Amino acid sequence: MGLVSRPARRPEDASADADLVRRVTSGDRTAIDDLYERFRRPAFALARRILADDTLAEDVLQDVFLSVWKDPGAFDGSRGSFSSWLMAMVHHKAVDAVRREESHRRRQGRAEDDMVLTAPTMQDDVVDEVWTRVVSERVRVALATLPAPQREALTLAYYGGYTQREVAALTNTPLGTVKTRMLAGMRRLKENLGGAVAGSAFGGAHGGADGAAR
């Protein structure tokens, strides 16, 4: 079977096309509607074949005919027929639409992959932040129940980040007394808060203070 070629357009078709182009160029608003009706079917078929999507094909047609309306002078009759020029524009814009869709899908795919990869980390961060806030609030409440000297020593160590030696110097208290106050305060906090919570809240400050004291 041989190749089937598209029937050649008749001279009167070319003449009608040229008349429509002249009307569009002169600003005749009905001309673009007539032009659309004349070429809608073959233009849509071409765009649909490239895009495989009716909605995208319709968007391409709207873009093409809007371009003709805005700049009818873009057509150069010396380089070929209007129908060939119009269909070439449909083909070009349809191919561009395919590329945009593919680029959009790739970006969307990367964004979804990033969300999947970062979601566990984000959830862990939220859990850690909430836990820290809960612990901090419970520590503040528990500290308020301690005798003032113990509360002062632990507050300076925990919130101020001072070592036992520095707490002793700041409060003008013997180092041994500071150690005793902090130890007694820690024991009461562990009873009130529970060992795990108290350890996570005061472990660094208490251990660091002991290390500095040694």
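It should be noted that the structure appears before, not after, this text.
In this report, we go over the structure that sits alongside the text.

A count of helices and strands for the protein gives 8 helices and 0 strands. In the protein, the order of α-helices and β-strands from amino to carboxyl end is α-α-α-α-α-α-α-α. Within the protein, contacts between residues at least 6 apart in sequence are counted, and of these 57% link residues at least 24 apart. Accessible area for the protein stands at about 13900 Å²; split by element, carbon and sulfur atoms hold 53% of it.

In total, this model carries 5 aromatic pairs according to the counting rule given. Centroid distance F82 to W85: 5.6 Å. Interplanar angle 45 degrees. Geometry classified as tilted. Of this pair, F82 and W85 are both found in helix 4 (residues 82-143), 3 residues apart, which corresponds to roughly one turn of the helix. Since its relative accessible area comes to 22%, W85 is described here as partly exposed. Three or more aromatic residues joined by ring pairs make a cluster, and in this case those are F39, F75, F82 and W85.

With that settled, consider helix 5 (residues 148-158). Of all the residues in helix 5, the buried ones are Q150, A153, L154 and A157. Taken end-on, helix 5 shows its buried residues confined to a sector of 90 degrees, consistent with a single buried face.

Grouped together as the largest cluster of nonpolar side chains are 27 residues, with contacts concentrated most on L35, V60, F65 and F82. Every element with two or more residues in this core is listed here: helix 1 (11-25), helix 2 (29-51), helix 3 (54-70) and helix 4. In terms of residues, this core owes the most to one element, helix 2, which gives 9 residues. When near neighbours in sequence (up to four residues on either side) are disregarded, F65 contacts I32, L35, Y36, F39 and L86. Counting 14 residues, the second-largest nonpolar core is a separate cluster that includes A153, V167, V178 and L193.

Moving on, we get to unusual backbone geometry. For A52, which is not a glycine, the phi torsion comes out positive at approximately 55 degrees. Of note, the phi angle at N172 is positive, near 55 degrees, even though the residue is not glycine. Within the secondary structure, N172 sits in the loop between helix 6 (164-171) and helix 7 (175-193).

Positionally, A88 belongs in helix 4. Separated by 45 residues in the primary sequence, A88 and A43 place their C-alpha atoms 9.6 Å from one another.

Thresholds, definitions, all that
- Counting restarts for each chain, with residues numbered from 1 along the sequence as it is written.
- Selection of residues for local features in this predicted model requires a pLDDT of at least 70, selection of side-chain atom pairs for listing and counting requires 80 or more, and totals for whole chains, interfaces and linings are taken over all residues.
- Water and hydrogen atoms play no part in the side-chain values, which are based on all heavy atoms of the structure.
- Here a helix means four or more residues in a row that DSSP labels H or I, a strand means two or more in a row labelled E, and each is numbered from the N terminus.
- By definition, residues are in contact when any of their heavy atoms lie within 4.5 Å.
- The Shrake-Rupley method, run with a 1.4 Å probe sphere, supplies the accessible areas, and residue values consider only the shown protein chains as cover.
- In this scheme Phe, Tyr and Trp rings, the latter by its six-membered ring, pair at centre separations within 6.5 Å, and the angle between planes marks the pair as stacked below 30 degrees, edge-to-face above 60, and tilted otherwise.
- Only protein chains enter the area calculation, which uses a 1.4 Å probe; residues under 20% of their type maximum are buried, those over 50% are exposed, and those in between are partly exposed.
- This arc is built from the directions going out from the helix axis to the C-beta atoms.
- What makes a nonpolar core is a set of buried Ala, Val, Leu, Ile, Met, Phe, Trp, Tyr and Cys residues whose side-chain atoms join them at distances within 4.5 Å.

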